[in-house]
Amino acid sequence: MASSFVVACVGKPSAGKSSFLNAVTDATAKVGNFPFTTIEPNQGIAYYPIACPCAAHNLSARCKPRHGWCQNGQRYVPIRLMDVAGLVPGASEGRGLGNQFLDDLRHADALIHVVDASGMTDDQGRETRGYDPVDDIRWLRGEIEAWIFGNLDRKWGGTVRRHVAIKATPVETLHGQLAGYGTGREIVQRALDRLGAHGQDISLWSSEELRSFVRVFLDCRFPTIVALNKIDMPDADKNISAIVRRYHGAKGVALRDGVSEENIVLTSALAECFLRKMAKQKYILYETGQDDFVTAEDKQPGNDGLRSLDDRVRGRLDNIRDLVLFRYGSTGVQDVLVRAVEALGYVPVFPVKSLANFGASAGGDLAGSSGCFQDCVLVRPGTTVREFARKLHNQQLDRAYAGAETVGNVKLGEDDVIVPGKNNIIKYSMQAGGA
Ligand SMILES: Nc1nc2c(ncn2[C@@H]2O[C@H](COP(=O)(O)OP(=O)(O)O)[C@@H](O)[C@H]2O)c(=O)[nH]1
Ligand SMILES: [Mg+2]
C-alpha cells in the first residue's frame, strides 16, 4: 500500500539533476525507512511535507509514522525520485543516451526539469560562459514530443486500419498505441477532451493533427515542474528574468512547452547539499525550506552544541546566505517537490483502526503505545472510499467490506471521492467472520 508514484528529474547533462536528487534524498539517512520494496539504482527517496492531522487533534506528541516522520504537525511522506540520463538536442534521433532516457521516462508520473540558469553549460552540457538557456525548456520538451510522435506516426497506418476494422473508440485506439508509456485510459480521454476532438474520426487525422494530439497528451501525461537551478551564480538573474518572461501567463490548459508559470521554481541544489552537510556535521542548525540557518556565533537558543566555523566555511555560508537565502527565501528544492505532488493532485489518506485514538489497532485506549496516524498513503485524485479499501492491501478487506467512517463516526459511502480535510481519515469495518 505504498505510494508508488515516481517523479523523474530530466534535463541536459550538468544541469544539476544528480545534485538536486542528492539535495532532496539525503534525508533518507535521517530516518532510513520507506515503504518501497524495490529501489532502482538511479532512484532515491525524498520526503513530501504535508500538514498532519495529529496537530488538529492535539495528538502531535503521540504521532508515530510507520514511514517518514512527523515534527510539530509537519508530516514528511516518502515519495520516489528518479535520476534520468541527460538529454541533448537530437536525442530523439538516438543521439547520446536518448533511448535510455526515453525508457526511464515510462515509469515517471511527473517530471522535474532541471534547467541550468547560470549560462555556464551549453546545450551539450559542456562548460562555457554566457550561454543563453532561454530555449532549454522548449527543445527538451521538443525531444520528448518528437520521440512519442515518431513512434506513434510509424504505427499510424496500421492503427487506422485496425481502428476502422474493429470500430474501436478513439480512446481505445490511442490508449492501445500509447500503453507503452505507462498511460491510463483516463489520461488519453483527458487529452482528447482538451483537444476538443469529440466525434472526430481520428483515422482522418493529418500528421499535424496527430502532432497536436501528442503535445496535449504530453501535457496530461507528464505534469512538469521547472527547477531553474544554480541561482547562486552571477548571470542567473538575467537568465531567470528572460525565462520567466517567456512563460508569463502560461497556465491551466494553456501551457507553453508543457510548462505553467507557477510551476517554475528557483533553486540552488548545490546550496541545499552544502547546508545539509554542514547541519549534519553540526556547524549549523538548518531545516530544508527555511530562509536562514543558525551558527554558533548567532545568539540563539539551541545552538550551544554547534561547532565553530573556520574562515573558509564561514565565507561559503555567508555567500549562500547573501546569494540564495536572503534573495530568494529558500534554496527552493523543497518547493519543487511540493509543486510536483500538487501538480498530480495526489491526496494524503490516513487509514486508522480506531476513530477514538486514530491508532493502527482497534480499541479506544488513548494511552496505547502504538501511537496515532501511523499510515499515510498518497492516492490519485478522484479515488473513492471503496477503491482505497482495495488498494489498502488486502482482498480480504475488499471481500468482507462492511462500511467506512471518518472523524466523528460519520458514515462514508463506497463511491465517495476522498477529499483532504473532509474524509481522508478513514476507518473501515469488516463483516464478522470475513477476515
Ligand atoms: N553553482 C551551482 N552549481 C551547481 C548547482 N547544482 C549543481 N551544480 C554543479 O553543476 C555540476 C553538474 O551537476 P550534476 O548534478 O552532476 O548535473 P547532472 O549532469 O544534471 O546530474 C556540478 O559541478 C555541480 O556541483 C547549483 O545550484 N549551483
Ligand atoms: Mg547526473
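See above for the structure.
Residues numbered from 1 in each chain as written. Chains lettered and ligands numbered in written order. Predicted model: local features only at pLDDT ≥ 70, side-chain atom pairs only at ≥ 80, totals over all residues. Heavy atoms only, no water.

Visitor: Explain the pattern of salt bridges to me, and be specific about the residues and the numbers.
Guide: The tally for this structure, following the rule as stated, stands at 20 salt bridges. Of the charged contacts in the structure, one is a salt bridge between Glu272 and Arg276, with a shortest N-O distance of 2.9 Å. With Glu272 and Arg276 both in helix H10 (residues 269-280) and four residues apart, the pair spans about one turn of that helix. Put simply, Glu145, Glu208, Arg211 and Arg215 are held in one network by salt bridges that share partners. (Salt bridge = Lys/Arg side-chain N within 4 Å of Asp/Glu carboxyl O. Helix = DSSP H or I, 4+ residues; strand = E, 2+ residues; numbered from the N terminus.)

Visitor: Residues and numbers for the site of ligand 1, please.
Guide: Among the 15 residues in the neighbourhood of ligand 1, the closest are listed as Ser14, Lys17, Ser18, Ser19 and Asp232. Within the backbone of Gly16, a nitrogen or oxygen atom sits 2.9 Å from an oxygen atom of ligand 1. Between Ser268 and ligand 1, the recorded distance is 3.3 Å, taken from a side-chain N or O atom to an oxygen atom. If ligand 1 stood free it would expose 570 Å²; the protein chains cover 72% of that surface. For the shell around ligand 1, the secondary structure elements donating two or more residues are helix H1 (17-25) and H10. (Near = heavy atom within 4 Å. Polar contact = N/O pair within 3.5 Å; in protein donor to acceptor, adjacent residues only side chain to side chain. Areas by Shrake-Rupley, 256 points an atom, 1.4 Å probe, with all protein chains shown as cover.)

Visitor: Requested: an account of unusual backbone geometry, with residues and values cited.
Guide: Its identity as a non-glycine residue notwithstanding, Asp257 has a phi of 50°, on the positive side. Residue placement: Asp257 occurs in the loop between helix H9 (236-246) and strand E7 (264-266). Phi at Lys282 takes a positive value of approximately 65°, unusual for a residue other than glycine. Note on placement: Lys282 falls in the loop between H10 and strand E8 (284-285).

Visitor: Quick rundown of the packing of aromatic side chains? Include the residues and the values.
Guide: Counted according to the given criterion, the structure contains 10 aromatic pairs. One aromatic cluster is present, built from ring pairs that chain together Tyr47, Trp69 and Tyr76. Between the NZ or CZ atom of Arg316 and the centre of the ring of Phe274, over which it lies, the distance is 3.9 Å. Just above the ring of Phe293 sits the side chain of Arg321; from NZ or CZ to the centre is 4.3 Å. (Phe/Tyr/Trp six-rings, centres within 6.5 Å; stacked < 30°, edge-to-face > 60°. Lys NZ or Arg CZ within 6 Å of the ring centre and 35° of its normal.)

Visitor: Summarise H9; cite the residues concerned and give the values.
Guide: Restricting attention to buried positions, one finds in H9 the residues Ala236, Asn239, Ile240 and Ile243. Taken down its axis, H9 places every buried residue within 100° of arc, on the same side. With respect to the buried face of H9, the exposed residues turned more than 90 degrees away are Lys238 and Arg245. (Buried < 20%, exposed > 50% of the residue type's maximum accessible area, 1.4 Å probe, protein only. Arc of directions from axis to C-beta.)

Visitor: Quick one: what's the story with the pairing of strand E12 (residues 401-406), residue by residue and with numbers?
Guide: With five of its six residues buried, E12 lies for the most part within the structure. Pairing geometry for E12 and strand E14 (residues 425-430), over four bridges, is antiparallel. Each bridged residue has a counterpart across the sheet, and for Tyr401 the counterpart in E14 is Met430. Between E12 and the antiparallel strand that follows it, strand E13 (residues 410-412), lie three residues; Gly408 among them carries a positive phi value of about 80°. (Pairing = 2+ DSSP bridges.)

Visitor: Can you explain the environment of Leu412? Please cite residues and give values.
Guide: Within the secondary structure layout, Leu412 lies in strand E13. For Leu412, a relative accessible area of 12% corresponds to the buried category. Between the C-alpha atoms of Leu412 and Ile426, which are 14 residues apart in sequence, the distance is 8.7 Å. Sequence-distant contacts of Leu412, defined by excluding residues within four places in its chain, comprise Val385, Ala404, Glu405, Thr406, Asn423 and Ile426. (Contact = heavy atoms within 4.5 Å.)

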